[in-house]
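Coordinates in review
In case you want the letters, here they are:
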Amino acid sequence: MSLDSFEKITKAVNSFLFSRLEGNPKNLYDAATHLIEHGGKRLRPYMVIKSCEVLGGTTTQALPAAAAVEMIHNFTLVHDDIMDNDETRHGVPTVHTKFGIPVGILAGDVLFSKAFETISSESKLSKEVGLALVNNLAKACVDVCEGQILDITMAQSEKIPSENQYIKMIEKKTSALFETSCAMGAICANTKKKDVLNLSSFGKNLGVAFQIIDDLIGIVGDPKTTKKPVGNDLREGKKSLPILLAINRSSGQKKEKILNSFGNSSSSKDEIESVVKIIGSMGIEHIVRNKAMQYSNAAKKSLASYDGSAKKELISLLEFVVKRNL
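Residues numbered from 1 in each chain as written. Predicted model: local features only at pLDDT ≥ 70, side-chain atom pairs only at ≥ 80, totals over all residues. Heavy atoms only, no water.

1. A short note on the overall build of the chain
- If you tally the helices and strands in the chain, you get 16 helices and two strands.
- On C-alpha atoms alone, the chain measures out to a radius of gyration of 20 Å, which is about the 20 Å that the 2.2 N^0.38 rule sets for 326 residues.
- In terms of overall dimensions, the chain has a C-alpha envelope of 65 × 50 × 35 Å along the principal axes.
- Split into buried and exposed, the 326 residues of the chain put 52% on the buried side.
- Sequence separation of 24 or more characterises 75% of the internal contacts of the chain that already satisfy a separation of 6 or more. (Helix = DSSP H or I, 4+ residues; strand = E, 2+ residues; numbered from the N terminus. Rg over C-alpha atoms; globule rule 2.2 N^0.38 Å. Buried < 20%, exposed > 50% of the residue type's maximum accessible area, 1.4 Å probe, protein only. Contact = heavy atoms within 4.5 Å.)

And the structure:
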């Protein structure tokens, strides 16, 4: 992944985003742009633009769709933080913490609405392309909502989910937006249905790999890098892949120790570190990284019939996602 290319696209996307998210009352738009101004990797917009370029399209063609996807991503973050009662994100106060819950909800709604306004009113796109983009993004939004409910239900249940149940949940909650990013990029290039399906498959598999690695970092990540306590997801009782694998594959005293700390906010730092060591000794990191690699290989296969620099950059992004420690 070329850092210059990534930074250039990020700059173009940011400029376009802020031009579309201006208005009154000012505090509403300040709230809507709060998280955008304070972080985010812009992975999804990058994928929209590079997917378009793989098929011969340009940044200009894909920019409205790229911005729309980022708006939807931020809409989900704003509402997620309200549901989870989280106080910080990207090292700054969450939107509802800074602006209040009513303004937070409305800021999320503005981002959602502006995303569809952006792609449906873009004069450079044909009506057919615009309609396909709206349809694709709307479907992804439904998937994200369904995935969120699956996640909430999973969290509230006393049962430990199976690996398949977990994968189904993240395919909807996380991977759907990666999938639609690549699909929308392909649609912007005004290309064949087969190409849209190939790029969709790439995005879907990358999205699953991304979340699997994210969950791994939530257990074994270095706190200096992640800015989160050791074993943060364990203490919070998050039913992520590494944790459910550890619970399902352990027995006796090891299993008891894991379950005692799982979702126990009063667990001491030593107790959490002890459980993290147990999980480490079980080879869970190796299993999870292998699982992510399977999805990475499936993603690469989807792009086998294409070539060029944009394809190389998408593959490079995929490899970064799978190998990262943050």
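2. Some details on the packing of helix α9 (residues 193-220) against helix α16 (residues 309-323)
- At a closest axis distance of 9 Å, the pairing of α9 and α16 adopts a crossing angle of 20°. By the criterion of interaxial angle, the relationship of α9 to α16 is roughly parallel. Every pair of crossing elements has a handedness; the one defined by α9 and α16 is left-handed. Two secondary-structure elements touch here, α9 through L199, F202, L206, A209, F210 and I213 and α16 through L314, I315, L317, L318, V321 and V322.
- For the contact of α9 with α16, the residue count by class is 12 nonpolar, no polar and no charged. (Axes fitted to C-alpha atoms, helices over the stretch in contact; angles between N-to-C directions. Parallel < 35°, antiparallel > 145°, perpendicular 65-115°, else oblique. Left-handed = near helix turned anticlockwise from the far one by under 90°. Nonpolar A, V, L, I, M, F, W, Y, C, P; charged D, E, K, R; others polar.)

3. Structural notes on the packing of helix α7 (residues 127-156) against helix α8 (residues 163-188)
- Between α7 and α8, whose axes approach to 8 Å, the crossing angle comes to 165°. Between α7 and α8, the crossing angle belongs to the class labelled roughly antiparallel. In this structure, the crossing between α7 and α8 has a hand that is left-handed.
- Class assignment for the residues of the contact of α7 with α8 results in 16 nonpolar, five polar and five charged.

4. Quick notes on the packing of aromatic side chains
- In the structure shown here, the tally under the stated rule is four aromatic pairs.
- Seen in terms of ring centroids, F112 and F116 are 5.2 Å apart; in terms of plane orientation they differ by 55°. Their pairing is tilted. Here F112 pairs with F116, and both are found in helix α6 (residues 101-120), just four residues apart, close to one helical turn.
- We classify F112 as partly exposed; its relative accessible area is 30%.
- With 5.1 Å between their ring centres and 45° between their planes, F178 and F210 make a pair best called tilted. With F178 in helix α8 and F210 in helix α9, this residue pair connects regions lying 32 residues apart in the sequence.
- For F178, a relative accessible area of 0% translates into the label buried.
- Residue classification places F210 among the buried positions, given a relative accessible area of 9%.
- Here the basic side chain of K98 rests over the ring of F99, its NZ or CZ set 5.7 Å away from the ring centre. (Phe/Tyr/Trp six-rings, centres within 6.5 Å; stacked < 30°, edge-to-face > 60°. Lys NZ or Arg CZ within 6 Å of the ring centre and 35° of its normal.)

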